[in-house]
Amino acid sequence: MTGTPRSPRARFREQTRAEIKDAALQQLAEGGTSAVALIRIARSVGMSGPALYRYFDSRDALLTELVRDAYDDLAAAVRHAASGIGAQATPRSRLHTLADAYRTWAVAQPQRYLLIQGTPVPGYTAPPDTIDRARAAAMTPFLAAFGAATPTGSVQPVVDQMTAWTRQDPAVAAWAAEHSPAPGTALAGVVLAWSHMHGAVSLEVSGLFTGMGHTGDTLLAAQIDALADAFRLA
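Just so you know, these numbers come straight off a predicted model, no measurement behind them.

**Regarding helix 12 (residues 216-230)**
Along an α-helix, residues three or four apart share an orientation, since each turn contains 3.6 residues. With 15 residues, helix 12 extends 21 Å from end C-alpha to end C-alpha; this agrees with the ideal 21 Å at 1.5 Å per step. Along helix 12, the residues that are buried comprise Gly-216, Leu-220, Ile-224, Leu-227, Ala-228 and Ala-230. With its buried residues spanning 155° around the axis, helix 12 presents them on a single face. Structurally, helix 12 contributes buried residues whose contacts are with helix 5 (91-108) and helix 11 (183-205). Note on helix 12: the residue one or two positions beyond its end, Arg-232, has a positive phi of about 50°.

**Quick word on the packing of aromatic side chains**
What the rule picks out here adds up to 2 aromatic pairs. Ring plane angle 85° and centroid distance 5.9 Å describe the contact between Tyr-102 and Tyr-113, whose orientation is recorded as edge-to-face. Pair noted here: Tyr-102 is in helix 5 and Tyr-113 is in helix 6 (residues 110-117), with a separation of 11 residues, a long-range link. In this structure Tyr-102 comes out as buried when scored by relative accessible area, which is 0%. Aromatic side chains Phe-146 and Phe-231 sit 5.1 Å apart centroid to centroid with 70° between the ring planes, which places their arrangement in the edge-to-face category.

**A word on the pattern of salt bridges**
Scanning the entire structure with this criterion turns up 11 salt bridges. When the shortest N-O distance is used, the salt bridge between Asp-72 and Arg-133 registers 3.0 Å. Here Arg-133 lies in helix 7 (residues 129-138) and Asp-72 lies in helix 4 (residues 59-83), a separation of 61 residues in the sequence. For Asp-72, a relative accessible area of 33% translates into the label partly exposed. Residue Arg-133 is classed as partly exposed on the basis of its relative accessible area, which comes to 24%. For Asp-229, the salt bridge goes to Arg-92, with nearest N and O atoms at 2.7 Å. You can see Asp-229 sitting in helix 12 and its partner Arg-92 sitting in helix 5, a full 137 residues away along the chain.

**Details of the layout of surface pockets**
Roughly 290 Å³ of volume is contained in the largest pocket. Tyr-71, Leu-115, Ile-116, Ala-126 and Thr-130 are the residues nearest the centre of the largest pocket, which is lined by 15 residues in total. Broken down by secondary-structure element, the contributors of at least two residues to the lining of the largest pocket are helix 4, helix 6 and helix 7. With 4 residues, the top contributor of residues to the lining of the largest pocket is helix 7. Of the residues in the lining of the largest pocket, the class split is 10 nonpolar, 4 polar and 1 charged. The volume enclosed by the second largest pocket comes to roughly 160 Å³. With 3 residues, helix 6 is the largest single contributor of residues to the lining of the second largest pocket.

Conventions and cut-offs
Residues numbered from 1 in each chain as written. Predicted model: local features only at pLDDT ≥ 70, side-chain atom pairs only at ≥ 80, totals over all residues. Heavy atoms only, no water. Helix = DSSP H or I, 4+ residues; strand = E, 2+ residues; numbered from the N terminus. Expected span 1.5 Å × (residues − 1). Buried < 20%, exposed > 50% of the residue type's maximum accessible area, 1.4 Å probe, protein only. Arc of directions from axis to C-beta. Contact = heavy atoms within 4.5 Å. Phe/Tyr/Trp six-rings, centres within 6.5 Å; stacked < 30°, edge-to-face > 60°. Salt bridge = Lys/Arg side-chain N within 4 Å of Asp/Glu carboxyl O. 1 Å grid on protein atoms, 1.4 Å probe; cavity = no way out; pocket = protein on both sides within 12 Å on 5 of 7 lines; lining within 4 Å. Points joined across faces, edges and corners; volume = space filled by probe spheres on them. Nonpolar A, V, L, I, M, F, W, Y, C, P; charged D, E, K, R; others polar.

Dropping the structure here:
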């Protein structure tokens, strides 16, 4: 069953919005979030400022689109990696595959990564739905990897915290239970995995490993192995 054909006007509007977002991403790459200015974007796509406001009524509206797109793109990259993991893969190798996909996306698109995981943009508040997008990108694919985890004492306090969270928030409990028979343990693993990835990847995409003789993949791999050991994953 095919969808309703879009009118020429709808196609033109969609194309124009895409051009505006591309121009904003170029500004983002050149100077970070502070460089994103609607008037400059309007000039770069050949329209007036007032005309651009027919597509995005504020800088925040444009940033919101870029944030949503980035989270969705990252989630798609991690899901694609997850879909290629064979049934015989160990939980440890699964973690490595997912973490590598996360890092690969970030290194290829550092400014988009920093937009969603870097320093908050002054005066901008992301919409609530970005929480679900963040879970899809950085948490959900990892939950199954911790399904057979047996936490050691070093991570047990985090497991206890996450277990308490599932008891207080039925929605979180249901979400985690869809992917793991031990929601509290799996959530602890995911939160710790995300913190390791965020730390290593953020340092790398910010250029802080330059001149140190290595890239973030070696550091991230070591951290994932340490985390797998802490949860006794094969």
